[in-house]
Amino acid sequence: SSASNTVSNVYMTGGTISGGKNSNVRLYGRDTFDMSGGIVTGGSASNGGNFYVAGGLYLNNTTVSGGSAAADGDNFFLTSTKECIIENVSFNSPVNGKNVYLKNGILGVSGKLTVTDGSDYKIKQGTGYLSDPKQAEIVCGVLDTFDGIKVIDPAMGDHGKLYSRMTMEHVEAM
């Protein structure tokens, strides 16, 4: 199986996507990509060699490898406010050692996330405002997959006062 570089709503079971020259999978706005099983390999782009995600994504039991990005995210570049769920996924063999890059997105991780082969993680700008207390649990799940020091700066208010939409449930979740 294969998919084009530009998708709207794609559902794939198994198969291989390889060799894309502007990312193997690029998602924008309302685009969604759902893959269960299979391999995504050998894509290249400025950002996100295998995946450039500014849309919705669900990967399950998938191997992502051998991506190359001139700037960030050899295998995976996330800059999405839509739901992005990763379950039992292996990211490995980044060509430039810049495996996973998260910018302005929330990535839900469950099951086993494996990142191997001299990988580098970058998180730029974090999550920003979390409008639902449940999002804090998702963010914690993502941070648990990273080794090293984590800096948390929850946005809950200004000048000593909570934002009007913040509740005690938000505060406790943070």
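Residues numbered from 1 in each chain as written. Predicted model: local features only at pLDDT ≥ 70, side-chain atom pairs only at ≥ 80, totals over all residues. Heavy atoms only, no water.

> Break down the overall build of the chain for me, with residues and values.
Summing up its helical and strand segments, the chain has two helices and 14 strands in all. By residue count, 41% of the 174 residues in the chain fall in the buried class. A separation of at least 24 residues holds for 54% of the contacts in the chain among residues at least 6 apart in sequence. In the structure as shown, the chain presents an accessible area of about 9,000 Å², 48% of it carried by carbon and sulfur atoms. (Helix = DSSP H or I, 4+ residues; strand = E, 2+ residues; numbered from the N terminus. Buried < 20%, exposed > 50% of the residue type's maximum accessible area, 1.4 Å probe, protein only. Contact = heavy atoms within 4.5 Å. Areas by Shrake-Rupley, 256 points an atom, 1.4 Å probe, with all protein chains shown as cover.)

> Tell me what's going on with unusual backbone geometry, and back it up with residues and numbers.
At Ser-23, a position not held by glycine, the phi torsion is positive, near 75 degrees. Relative to the helices and strands, Ser-23 resides in the loop between β2 (16-18) and β3 (25-36). Positive phi, normally seen in glycine, also occurs at Asn-61, with a value near 50 degrees. Following the sequence through the fold, Asn-61 ends up in strand β6 (residues 51-65).

> I'd love a proper account of the side chain of Arg-26, names of residues and values included.
Tracing the sequence through the fold places Arg-26 in strand β3. There is no salt bridge for the buried Arg-26, and the closest opposite charge comes from Asp-31, which lies 8.8 Å off by N-O distance. At 2.9 Å, the side chain of Arg-26 and the side chain of Ser-23 are in polar contact. Only 2.9 Å separates the side chain of Arg-26 from the side chain of Tyr-28, close enough to count as a polar contact. (Lys, Arg positive; Asp, Glu negative; His and termini not counted. Salt bridge = Lys/Arg side-chain N within 4 Å of Asp/Glu carboxyl O. Polar contact = N/O pair within 3.5 Å; in protein donor to acceptor, adjacent residues only side chain to side chain.)

> Give me the lowdown on the confidence of the model for the chain, citing residues and values where you can.
In this model, the chain carries a mean pLDDT of 76, and residues with pLDDT of at least 70 account for 71%. This model gives residues 1-5 a pLDDT under 50, and the stretch forms 17 contacts once residues within four places in sequence are excluded. Under a pLDDT of 50 for its full length, residues 117-121 has, in the predicted model, 15 contacts with residues more than four places off or in other chains. (pLDDT = per-residue confidence, 0-100.)

> Describe the environment of Met-174, with residues and values.
In this structure, Met-174 sits in the segment after α2 (168-173). Here the alpha-carbon distance between Met-174 and Val-139, two residues 35 residues apart in the chain, equals 9.9 Å.

> I'd love a proper account of the packing of aromatic side chains, names of residues and values included.
Scanning all chains against the criterion turns up four aromatic pairs. With centroids separated by 5.2 Å and ring planes inclined at 5 degrees, the aromatic side chains of Tyr-52 and Phe-77 adopt a geometry described as stacked. One end of the pair, Tyr-52, is in strand β6; the other, Phe-77, is in strand β8 (residues 76-78), and 25 residues separate them in sequence. The two residues Tyr-52 and Phe-77 agree in class, both being buried. An aromatic cluster of three or more residues is present, and its members are Tyr-28, Tyr-52 and Phe-77. Positioned over the ring face of Tyr-52 is Arg-26, at 4.4 Å from the centre of the ring. (Phe/Tyr/Trp six-rings, centres within 6.5 Å; stacked < 30°, edge-to-face > 60°. Lys NZ or Arg CZ within 6 Å of the ring centre and 35° of its normal.)

> Describe the nonpolar core, listing the residues and the values that go with them.
Core analysis: the biggest nonpolar cluster contains 20 residues, and Phe-33, Phe-51, Val-53, Leu-57, Leu-59 and Phe-76 have the highest contact counts within it. Secondary structure elements with two or more residues in this core: β1 (9-13), β3, β6, β8 and β9 (84-92). Per element, the largest residue contribution to this core is five residues, and it comes from β6. (Core = buried A, V, L, I, M, F, W, Y, C linked by side-chain atoms within 4.5 Å.)

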